[in-house]
Amino acid sequence: MKPEYGAGVEEVDLSGRTVLVTGATSGIGRETALALGRLGATVLVHGRNRDAGRAVVDELGDGDHAFRRADFADLDAVEGLAEWARERDPAVLVNNAGGYFREGRLTDAGVEYTFHVNHLAPFLLTERLRPVLPDDGRVVNVSSEAHRGASLEFESLRSVDGYSGWRAYGRSKLANVLHARALAGRLDGPAANALHPGVVPGSGFVRNLPAPVRSVVSLAGGLAAVPFVGVDSAAEAAQTSVYLAAAPGLATTGGYFDDCAERAPAAAAQDDRAAERLWTWSAETLDRNGH
Ligand SMILES: NC(=O)c1ccc[n+]([C@@H]2O[C@H](COP(=O)([O-])OP(=O)(O)OC[C@H]3O[C@@H](n4cnc5c(N)ncnc54)[C@H](OP(=O)(O)O)[C@@H]3O)[C@@H](O)[C@H]2O)c1
């Protein structure tokens, strides 16, 4: 069965192309993986939950689809995932894994956990895969409208003093947009873009939100109010990821998309100096940790 959605990618044939979808064991990532598989891609499924990962591979059916476990709080595990994926010639990387984390804590790398999992780990993975992407390759960063109103606050990235889960989440999602922007300038051929998938009311992400934020998000999402444009399902939320991963001749790179159309992100997400500062911070942090 072909995906019935995706702004004109229904007839695209991805046979012979390998895509890595991170966080594909549940939610939006799982639906992205299944939709890309229906278009003929060989899908590399990433997550932490082995049973869920293997179930997605089974559901993908015939082909060289495979699962690899890696905890994004562990940079060595991310290196292992990158090495495993590189051996399989990926053409597309969908940086989807991530979430909202209530408790503030630091990872072994001394980085605030949300920022580490949602930005630093995908930054490392992308750096390792960048050299092997073909000219028509794609990097797709799953961000969020929650990036609006956020600021990078570099001084907060190695601290959990006064931790706010929502502020940390918004900051990491701003980083996803800035990362795609800075990456686009470094890729000669492949396109790198970020997106907002839409808010899925029953998703793991929304369930993790504190009750007051969850109510506002769910209500606003249900009303399809901007900035929290609601969608009915994780499959619907996967549409823009599928579009950016599969649309032939995609002209845009370094852009931000919502509902399969380009849209201006927040001013802070269009700040090239901030994008470069983030790049330097990320590279130096990895270097300091031996990566
Ligand atoms: N749902 C929404 O309404 C919404 C709105 C805007 C943006 N987003 C973004 O969409 C993306 C997917 O969200 P979702 O709602 O589909 O979330 P979800 O159902 O909670 O799935 C999150 C995925 O990320 C993986 N993951 C989480 N923490 C990880 C870690 N430390 N290491 C490795 N993998 C990890 C999970 O793997 P395991 O379960 O195997 O551990 C799972 O596959 C996220 O980037 C989120 O910020 C979601």
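Everything numeric here is computed off the predicted structure, so don't read it as measured data.

Draft legend 1. Broad picture of the packing of aromatic side chains. Per the stated rule, a full pass over the model turns up eight aromatic pairs. Between Phe123 and Trp279, the aromatic rings sit 4.8 Å apart at their centres with planes inclined by 75°, giving edge-to-face as the arrangement. Of this pair, Phe123 sits in helix H4 (residues 113-129) while Trp279 sits in helix H10 (residues 272-288), and the two are 156 residues apart along the sequence. Phe123 sits in the buried class, given a relative accessible area of 2%. Take Trp279: its relative accessible area is 10%, and that puts it in the buried class. Here the basic side chain of Arg105 rests over the ring of Tyr113, its NZ or CZ set 4.0 Å away from the ring centre. In this structure, Arg186 packs its charged tip against the face of Trp279, placed 3.9 Å from the ring centre.

Draft legend 2. Summary view of the pattern of salt bridges. All told, the structure shown has 13 salt bridges when counted by the stated rule. The partner of Arg167 in a salt bridge is Glu153, and the shortest N-O contact between them spans 3.9 Å. With a gap of 14 residues between them, Arg167 in helix H5 (residues 165-184) and Glu153 in the loop between strand E5 (138-142) and H5 connect regions that are remote in the sequence. The residue Glu276 makes a salt bridge to Arg186 at a minimum N-O spacing of 2.7 Å. Of the two residues, Glu276 is situated in helix H10 and Arg186 in the loop between H5 and strand E6 (191-196); the sequence distance between them amounts to 90 residues.

Draft legend 3. Seen up close, the packing of H5 against H10. Axis separation between H5 and H10 bottoms out at 9 Å; the angle between their running directions is 95°. Classed by the angle they form, the pair H5 and H10 counts as roughly perpendicular. From H5, Ala175, Leu178, His179, Arg181, Ala182 and Leu183 reach across to H10, where they touch Asp272, Ala274, Ala275, Glu276, Leu278 and Trp279.

Draft legend 4. The arrangement of H5 in detail. Look at H5: 29 Å from first C-alpha to last across 20 residues, which is about the 28 Å you get at 1.5 Å a residue. With 17 of 20 residues buried, H5 is to be regarded as a mostly interior element.

Draft legend 5. Local environment of the pairing of E5. Counting buried positions over the five residues of E5 gives five, a clear majority of the element. The alternating pattern of E5 places Arg138, Val140 and Val142 on one face and Val139 and Asn141 on the opposite face, and all of these are buried. Pairing between strand E4 (residues 92-95) and E5: four bridges, direction parallel. Bridge pairing in E5 links Asn95 to Asn141. Tracing the backbone out of E4, into H4 and back to the parallel element E5 gives a crossover that is right-handed.

Draft legend 6. A look at the site of the ligand. Neighbouring the ligand are 31 residues, the closest being Thr25, Ile28, Arg48, Tyr169 and Val200. A distance of 2.7 Å is found between an oxygen atom of the ligand and a side-chain nitrogen or oxygen belonging to Arg48. Protein contacts shield 92% of the accessible area of the ligand, which totals 900 Å² for the unbound molecule. Secondary-structure elements contributing two or more residues to the shell around the ligand are helix H1 (27-38), strand E2 (42-47), H4, H5 and helix H6 (204-208). In terms of residue count, H6 provides more of the shell around the ligand than any other element does, three residues in total. When grouped by side-chain class, the residues that make up the shell around the ligand number 14 nonpolar, 14 polar and three charged.

Draft legend 7. Representation of a positive patch on the surface in the model. On the surface, Arg48, Arg50, Arg54, Arg68, Arg69 and Arg105 cluster together to form a positively charged patch. Within the fold, Arg54 resides in helix H2 (residues 50-60).

Draft legend 8. The arrangement of the nonpolar core in detail. Counting 50 residues, the largest nonpolar core has Leu20, Phe72, Phe115, Leu125 and Leu152 as the members making the most contacts within it. Elements supplying a minimum of two residues to this core: helix H3 (75-86), H4, H5, E6 and H10. Apart from residues no more than four positions distant in its own chain, Leu20 is found in contact with Leu44, His46, Leu81, Ala85, Val92, Leu93, Val94, Leu125 and Leu129. In this structure, Leu14, Val57, Val92 and Ala246 belong to the second largest nonpolar core, which totals 40 residues.

Draft legend 9. Representation of the pairing of strand E3 (residues 66-69). Strand direction decides the pairing type here: E2 and E3, joined by four bridges, are parallel. Bridge pairing in E3 links Leu44 to Ala66. What joins E2 to E3 is H2, and the crossover it makes is right-handed.

Draft legend 10. Quick peek at the packing of H4 against H5. Interhelical geometry of H4 versus H5 gives an angle of 20° and a closest axis separation of 8 Å. Of the possible angle classes, the one that applies to H4 and H5 is roughly parallel. Helix-helix and strand crossings are classified by hand; for H4 and H5 the assignment is right-handed. Judged by residue contacts, Thr114, Phe115, Asn118, His119, Pro122, Phe123, Thr126 and Glu127 of H4 engage Ala168, Tyr169, Arg171, Ser172, Lys173, Ala175, Asn176, His179 and Leu183 from H5. The residue inventory of the contact of H4 with H5, partitioned by class, reads seven nonpolar, seven polar and three charged.

So, how was this worked out
- Residues take numbers from 1 onward in each chain, read along the sequence in its written order.
- Local features in this predicted model are restricted to residues whose pLDDT is 70 or higher, and side-chain atom pairs enter the listing and the counts only when it is 80 or higher, whereas totals over whole chains, interfaces and linings include all residues.
- Water and hydrogen atoms play no part in the side-chain values, which are based on all heavy atoms of the structure.
- Only rings of Phe, Tyr and Trp enter the pairing, Trp through its six-membered ring, and a pair is recorded when the two centres are within 6.5 Å. The plane angle decides the type: under 30 degrees is stacked, over 60 is edge-to-face, the rest tilted.
- Secondary structure is summarised from DSSP: a helix means a run of H or I of at least four residues, a strand means a run of E of at least two, and numbering begins at the N terminus for each.
- For every residue, the accessible area obtained with a 1.4 Å probe (protein chains only) is divided by the maximum for its type, and the residue is called buried under 20%, exposed over 50%, and partly exposed between those limits.
- Lysine and arginine charges are scored as sitting over a ring when NZ or CZ, respectively, is within 6 Å of the ring centre and within 35 degrees of the ring normal.
- Here, a salt bridge means any side-chain nitrogen of Lys or Arg that lies within 4 Å of a carboxyl oxygen of Asp or Glu.
- For helices, the fitted axis covers only the stretch in contact; all axes are lines through C-alpha atoms, and the angles between them, taken along N-to-C directions, range from 0 to 180 degrees.
- Roughly parallel refers to an angle under 35 degrees, roughly antiparallel to one over 145, roughly perpendicular to one between 65 and 115, and oblique to any angle outside these ranges.
- Residue contacts are defined here by distance: any two heavy atoms, one from each residue, within 4.5 Å place the two residues in contact.
- To estimate the expected span of a helix, count its residues, drop one, and scale the result by 1.5 Å.
- By this definition, two strands are paired if DSSP reports at least two bridges between them.
- Whether a crossover is right-handed comes down to one check: with the strands pointing away from the viewer, does the path from the first strand over the helix to the second run clockwise; if it does, it is right-handed.
- A molecule or strand has a residue near it when one of that residue's heavy atoms lies within 4 Å.
- Any pair of N or O atoms that falls within 3.5 Å is considered a polar contact. Within protein, one atom must be able to donate a hydrogen and the other to accept it, and sequence-neighbouring residues count only if both atoms are side-chain atoms.
- Methods summary: accessible areas were calculated by the Shrake-Rupley approach with a probe of 1.4 Å, and residue burial reflects only the protein chains presented.
- Note on residue classes: Ala, Val, Leu, Ile, Met, Phe, Trp, Tyr, Cys and Pro are nonpolar, Asp, Glu, Lys and Arg are charged, and everything else, Gly too, is polar.
- The patches described consist of residues with a relative accessible area above 30% and no salt bridge, like charges being joined within 9 Å and nonpolar side chains (Val, Leu, Ile, Met, Phe, Trp, Tyr) within 5 Å.
- Here the positive residues are Lys and Arg and the negative ones are Asp and Glu; neither His nor the chain ends is included.
- Every charge is mapped to an atom, namely NZ of Lys, CZ of Arg, CG of Asp or CD of Glu.
- We define a nonpolar core as any set of buried Ala, Val, Leu, Ile, Met, Phe, Trp, Tyr and Cys residues linked to one another through side-chain atoms lying within 4.5 Å.
- The hand of a helix crossing depends on one turn: near helix anticlockwise from the far one by less than a right angle means left-handed, and clockwise means right-handed.

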